[in-house]
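One-letter residues, chain by chain:
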Amino acid sequence: MSFTVKLALKYLIARKARSFLTTLAIIFGVMIIFGLNGVLPAVEQAFLQNMSASANQADITVTSETQGAFDSSVAKKVLDVSGIAHVTSLLVRPVIVPTAQAPRTKDGQPVASFMLNGINPESITAVLPLRITQGRPLSSSTRKCMLISTNLSDSTGLKAGDTLTLPSGAGETKFSIVGLVEALPSPGAENLYVPIKDAQALFDQPGRINVIEAQVNPGADRKTVQKAVLKALDGGYKLGGAETGSQYLSSANLSKTLFTMFGVLALAMGGFIIFNTFRTIVTERRRDIAMLRAIGASRRTVLGLILTESLLQGVIGTALGIVAGYLMCVGILAAMRPLLESYTHIVVGGPVFSATTFVAAVTLGIGVTVLGGIVPARSASRVAPLEALRPPTAETERKQISRGVIAGIVLIGIAVVGLVSRNLGLASLGALLFLAGLVLVGPALVKPISSLFARLFAIAFAREGQIAEGNVARHPKRAAITASALMIGLAIIVALAGMIATLSAGFTTYIDKSLRSDYILMPQALVLGSGNVGAGPSLKKKIQSVPGIEAVTTIRVATAKAGSAELQVIGVDPVEYPKSSGLEFSAGDPASAYHELATGRTMIANGIFASRKGVKVGQNVTLQTPQGPETYKVVGIGMDYLNAKIATGYISQANLKRDFNEITDLLIMANRKAGANPAQVKASLQRTVKDYPAFTLFSIKEFRATQKRTIDGSLMSFYVLMLMFAVPSLIALLNTLGINVLERTREIGMLRAIGATRRQVRKLVVAESILLSIVGISFGILSGLWLGYILVSAMNVSGFQLPYFFPYAGILLTVAVGLLIGVVAALGPARHAARLNIVSALQYE
């Protein structure tokens, strides 16, 4: 073992508490990066395995590029291709059953999500053999019969001879279960099998299918036949099944990015802690370093000594962080496993860690630690022996602070220019420059901030507050670095609070502006195209005939593609829709846009779609439809509440029927006549819609209240994230206070020797901690407001238009969390300081 490594180990072991606290910062950051990025790959792997296992085993599967339905005559074109032996047609769609009618598992949980497979009983056995384990197979001559999976039977007790009621365009349809079939569940749903004509009737899709399964002749080359099939269909179709689970993977990828960002930010705070620790080490060992230099140690040796210490701590912290991350991942998966198995039928195994995750954890864990030690190490290596033997002068430190303040002001100035430019890239870069500038300017702000607030709590701390203020002001650089570590955590809390305020107020505004009807009939799932079964035109006519109803409008849904981008297409009545609902326009005139929507192929794009495709008013967009490519002219850009998060285009219902073959209503809105009795009208509506259990009737006031509760519940994850970011801040302050107590052991001994009580020593440490917290809170609020504004601007650029709302409650929460951190972080060091033996403290070196 080399001399440098031995000496580095000696110093680390001699300062066990400080080494532990510094290493703890690295452990926390690595644990977040490594642990959370082992959860999602495990879920994703299980999901893909489940999809693969449950996929049909046909040689060739053909679907529409839009994932929509098409005419059943297309199957004949596939059958006519040379090399195709057998073909069968299917209509496969997700279905959500109302909770009240859903079968329940043995522990009482409802099974409400199903994948309904409309099959041709005569032709399917030649392509996709279904193994019947109980009962009999389906027959085209017998209607409203069903096969269910053995898995569903085992979990709910359903068996041959029972019935299962599904929502349909006519209200509901009751199916008799005639047999059980061995079939793995689709991701998130159980498979059901019915005759294809029953499925077409249920979805109001007569003569239409959305999947073709084909068997290739023995000896024929599959790839050659596949190419021939696509050529025969001449565009608009693709090989492969319906992508029913793509939203799961998209959410997983987004979560993976967020988790990695969270871990990197945690490690960044750890970097501040390490930087401050090694700056303190260099200051504390100034005389030791001078002695080493005096007896012949080179600058390279001193540099290597400090870097070796940081490397050792980085290696130890990273190794322990990986272990802690693994255990955290195991715990999270254990908690998630029952829910995933119950609700999505996905069986998740153990953690899955990719090579990239290992590399990221090791690189960032060790890299941040070494980077944190580089600047102090270089500073230590450049000090001349004689200069190091002399105590550092205040004048030298003031010059260093002055140079940093000038650099910080320049960075903040550049950041302001980036913000006012209204360019998201420059503004985002400006946010980083602002944080860096605030760190550099920080030492100059420590004394005025601490002086101001020291006076405010002088009553509580009296003489201890004055001493604490002097300690903080005496080491402004160290105090600023500590406050900066606290600043990042609190800045994120303020930024997230701004996001919460913006999302909450913004969604409420969208509800008020885009849903103005007196009554609304909603399906069970708020995302309209996610398994909801619509109602046929007869329901709208029944509602129009209810006494006291003045106007009724509906929303219909289809899917399309614009280039490679998927698009949800909403069909509205251009005349009736603006009366009961509407869009929040960001471009185009609403009146002329709705007027043009009724003439020709025109479309109103929402902000998400317009942003992704760079679409502007007046441009043409080519949509891939079940009938082939069609060109639509964009006449406006607007958003509504229900479709604010999905790329969406709004077209007339006439065009939706002509190009997308959709005629079912998924959402119905109605206005009450002036002077009509609200209670009587609602009672009449409830009697009218009782045969449509898939729909729930709300007054608009009830719906707003329901959605407000949903929004508040969804935003709870942000509050959890806010609290989690307080942990590194607590570690940072705890680390600094622990080091300060160790560094000032002799000073504390002298205070005790001249009569200071243990209680006064404890109050001194707590007062200093609170002062440091106040400085960090001040920095955190400033940078958090900036960061929050940038986050909201990023959403606006992506097409999700929301105005920024000032987070008053978030700032109060930040102040409370910051002060709580200050008090909690001081408890351990204060107790240690108060218990120091006076004689031992005076002899401390």
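What counts as what
In this convention, every chain numbers its residues from 1, walking through the sequence in written order. Per-residue local features are limited, in this predicted model, to residues with pLDDT of at least 70; the limit for side-chain atom pairs, both in listing and counting, is 80 or more; totals at the level of whole chains, interfaces and linings are taken over all residues. Side-chain numbers here rest on the full set of heavy atoms in the structure, without hydrogens or water. Secondary structure counts use DSSP, requiring at least four H or I residues in a row for a helix and at least two E residues in a row for a strand, with both numbered from the N terminus. For this analysis, residues touch if any pair of their heavy atoms sits within 4.5 Å. In these tables, accessible area is a Shrake-Rupley quantity obtained with a 1.4 Å probe, and a residue counts as shielded only by the protein chains included in the view. By definition, no residue in a patch forms a salt bridge, and every one has over 30% relative accessible area; like charges are joined within 9 Å, nonpolar side chains (Val, Leu, Ile, Met, Phe, Trp, Tyr) within 5 Å. Only one rule defines a salt bridge in this text: a Lys or Arg side-chain nitrogen within 4 Å of an Asp or Glu carboxyl oxygen. Only four residue types enter the tally: Lys and Arg on the positive side, Asp and Glu on the negative side, with His and both chain ends excluded. The location of each charge is read from NZ of Lys, CZ of Arg, CG of Asp or CD of Glu. Partly exposed residues are those whose accessible area sits between 20% and 50% of the maximum for their type, while under 20% is buried and over 50% is exposed, using a 1.4 Å probe and protein chains only. Relevant arc is that of directions from the helix axis to the C-beta atoms, nothing else. Within 6.5 Å between ring centres, the rings of Phe, Tyr and Trp (the latter by its six-membered ring) count as paired, and their orientation is classed by plane angle as stacked under 30 degrees, edge-to-face over 60, tilted in between. The rule is short: NZ of Lys or CZ of Arg within 6 Å of the ring centre and within 35 degrees of the ring normal puts a charge over the ring. Any pair of nitrogen or oxygen atoms within 3.5 Å is treated as a polar contact; in protein, a donor-acceptor pairing is required on top of that, and neighbouring residues in sequence qualify only through side-chain atoms on both sides. At least two DSSP bridges between two strands are needed for those strands to be called paired. What makes a nonpolar core is a set of buried Ala, Val, Leu, Ile, Met, Phe, Trp, Tyr and Cys residues whose side-chain atoms join them at distances within 4.5 Å.

J.: Requested: an account of the overall build of the protein chain, with residues and values cited.
T.: Helix and strand content of the protein chain: 29 helices and 22 strands. For the protein chain, the proportion of contacts with a sequence separation of at least 24, taken over those separated by at least 6, is 84%. For the protein chain, the exposed surface amounts to about 36,700 Å²; the carbon and sulfur share of it is 61%.

J.: Describe a positive patch on the surface, listing the residues and the values that go with them.
T.: On the surface, a cluster of positive charge is made up of Arg758, Arg759, Arg762, Arg831 and Arg835. Inspection of the secondary structure assignment puts Arg831 in helix 28 (residues 808-834).

J.: Help me get a handle on the pattern of salt bridges, residues and values and all.
T.: Scanning all chains against the criterion turns up 12 salt bridges. Among the salt bridges present, the one from Lys690 reaches Asp691, with a minimum N-O distance of 3.5 Å. Judged by its relative accessible area of 58%, Lys690 is exposed. The network of salt bridges with common partners includes Arg601, Glu630 and Asp659.

J.: Which residues make up unusual backbone geometry, and what are the values?
T.: Trans is the common state for peptide bonds, and a negative phi is the common state for residues other than glycine. Although it is not a glycine, Lys144 sits at a positive phi angle of roughly 60 degrees. With respect to the helices and strands, Lys144 occurs in the loop between strand 5 (132-135) and strand 6 (145-149). A positive phi angle is found at Asn661, which is not glycine, with a value near 60 degrees.

J.: If you had to explain helix 21 (residues 653-660) to someone new, which residues and values would you point to?
T.: Taken residue by residue, helix 21 has Gln653, Asn655, Leu656, Asp659 and Phe660 as its buried positions. All buried residues of helix 21 fall inside an arc of 155 degrees around its axis, so they share one side. The exposed residues of helix 21 that point more than 90 degrees off its buried face are Ala654 and Lys657. Close packing links the buried residues of helix 21 with strand 14 (549-562), strand 15 (565-572), strand 17 (602-605), strand 18 (620-625), strand 19 (628-639) and strand 20 (648-652). Two residues or fewer past helix 21, Asn661 is found with a positive phi of approximately 60 degrees.

J.: Account for the packing of aromatic side chains, with residues named and values stated.
T.: The geometry of two aromatic rings is summed up by the distance between their centres and the angle between their planes. Under the defined criterion, the tally for this structure stands at nine aromatic pairs. When the centroid spacing of 4.7 Å and the interplanar angle of 55 degrees are considered together, the rings of Phe806 and Tyr808 count as tilted. Given a relative accessible area of 38%, Phe806 falls into the partly exposed group. Overall, the relative accessible area of 61% leaves Tyr808 in the exposed class. Connected via pairs of aromatic rings, a cluster forms that spans Phe34, Tyr326, Phe353 and Phe358. Lying across the ring of Phe203, Arg93 places its NZ or CZ 5.3 Å from the centre.

J.: Tell me about the side chain of Asp198, and name the residues and values.
T.: Relative to the helices and strands, Asp198 is located in helix 6 (residues 196-202). Among the polar contacts made by the side chain of Asp198, one reaches the side chain of Arg143 at a distance of 2.8 Å.

J.: Go over the side chain of Ser581 with me, naming the residues and quoting the values.
T.: Structurally, the position occupied by Ser581 is in the loop between helix 18 (577-580) and strand 16 (584-587). Here Ser581 falls in the buried class, since its relative accessible area comes to 1%. Not counting residues within four places of it along the chain, the set of residues in contact with Ser581 comprises Ser514, Leu515, Arg516 and Met669.

J.: Explain the pairing of strand 17 to me, using residue names and the numbers behind them.
T.: The alternating pattern of strand 17 places Thr602 and Ile604 on one face and Met603 and Ala605 on the opposite face, and all of these are buried. One ladder, built from four bridges, connects strand 17 with strand 19; its direction is parallel. When the bridges of strand 19 are listed, Met603 appears paired with Val634. Where strand 17 and strand 20 come together, two bridges link them in antiparallel fashion. Each bridged residue has a counterpart across the sheet, and for Ala605 the counterpart in strand 20 is Gly649.

J.: Any chance you could break down the nonpolar core for me, citing the residues and the numbers?
T.: Counting 51 residues, the largest nonpolar core has Met603, Ile604, Phe609, Tyr641 and Phe703 as its most contacted members. Ranked by size, the runner-up nonpolar core spans 41 residues in total, among them Leu116, Ile148, Val216 and Val533.

J.: How would you explain helix 17 (residues 537-544) if you had to name every residue and give the values?
T.: Looking only at helix 17, the buried set comprises Leu539, Lys540 and Ile543. End-on view of helix 17: buried residues confined to an arc of 100 degrees, all on one side of the axis. Looking at the packing, one finds that the buried side of helix 17 touches strand 13 (519-523), strand 14, strand 21 (667-672), helix 22 (678-689) and strand 22 (695-699).

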